[in-house]
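# Residue-level structure breakdown
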Amino acid sequence: MHLHPLSLSLLLLLVAEATVMCVAVTTALHGFRGCAVREFTFVAKKPGCKGLRINTEACWGRCHTWEKPLPDPPYIQRHHRVCTYSRTRHMTARLPGCQPNVSALYHYPMALHCHCAICSTQDTECETF
């Protein structure tokens, strides 16, 4: 079977107090298989402050996944893993131009090590398109 070059949209969910922002990076994978730490740039935003461009490390890659039908309930056997954090460092940035009643602190994870695992909504956007 011939596979065409693939690309991956890595969605990283960053939580900053009450604000959630989703950022996408599209990168050609070609023959790369696995899960690795990679440089990632995003704009940190929250209501009442100006945005700040942040360079950090995020998880990137693709993991072995499969589904197969079964003759009896539950009728399907699944094995879905995503490239996600196994070790992180919690980082904090100070956003510029915040209103007096808004904290300028913005918290986000920086990947130290990544692996293929079940998706956790605690640090990853776990949606199917």
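Residues numbered from 1 in each chain as written. Predicted model: local features only at pLDDT ≥ 70, side-chain atom pairs only at ≥ 80, totals over all residues. Heavy atoms only, no water.

### Focus on the environment of Pro69
- By the element assignment, Pro69 lies in strand β5 (residues 66-69).
- Assessed through its relative accessible area of 69%, Pro69 is described here as exposed.
- Setting aside chain neighbours within four positions, we find Pro69 in contact with Tyr75 and Ile76. (Helix = DSSP H or I, 4+ residues; strand = E, 2+ residues; numbered from the N terminus. Buried < 20%, exposed > 50% of the residue type's maximum accessible area, 1.4 Å probe, protein only. Contact = heavy atoms within 4.5 Å.)

### Focus on the confidence of the model for the chain
- The predicted model of the chain averages 76 in pLDDT, with 74% of residues at 70 or higher.
- Mean pLDDT across the elements of the chain bottoms out in strand β1 (residues 7-16) (30) and peaks in strand β8 (residues 105-117) (94).
- Ignoring residues within four places in sequence, the model shows residues 1-27, a span with pLDDT below 50, making 65 contacts including any to other chains. (pLDDT = per-residue confidence, 0-100.)

### Examining the pairing of strand β6 (residues 76-79)
- Strand direction decides the pairing type here: β5 and β6, joined by 4 bridges, are antiparallel. Pairing of Glu67 across the sheet is with Arg78, part of β6.
- Here β5 folds back onto β6 in antiparallel fashion, the turn holding 6 residues, of which Tyr75 has a positive phi close to 70 degrees. (Pairing = 2+ DSSP bridges.)

### So, the state of the cysteines
- In the structure shown here, the tally under the stated rule is 4 disulfides.
- Shown here is the disulfide that connects Cys35 with Cys83, its sulfur atoms set 2.1 Å apart. The sign of the S-S torsion, about 80 degrees, decides the handedness of the disulfide formed by Cys35 and Cys83: right-handed. In this pair, Cys35 sits in strand β3 (residues 34-44) while Cys83 sits in strand β7 (residues 82-94), placing the two residues 48 residues apart along the sequence. (Disulfide = S-S within 2.5 Å.)

### A closer look at unusual backbone geometry
- Omega for the peptide link from Pro73 to Pro74 comes to 10 degrees, which places this bond in the cis form.
- Assignment of secondary structure puts Pro74 in the loop between β5 and β6.
- A positive phi angle is found at Tyr75, which is not glycine, with a value near 70 degrees.
- Along the chain, the position of Tyr75 falls in the loop between β5 and β6.

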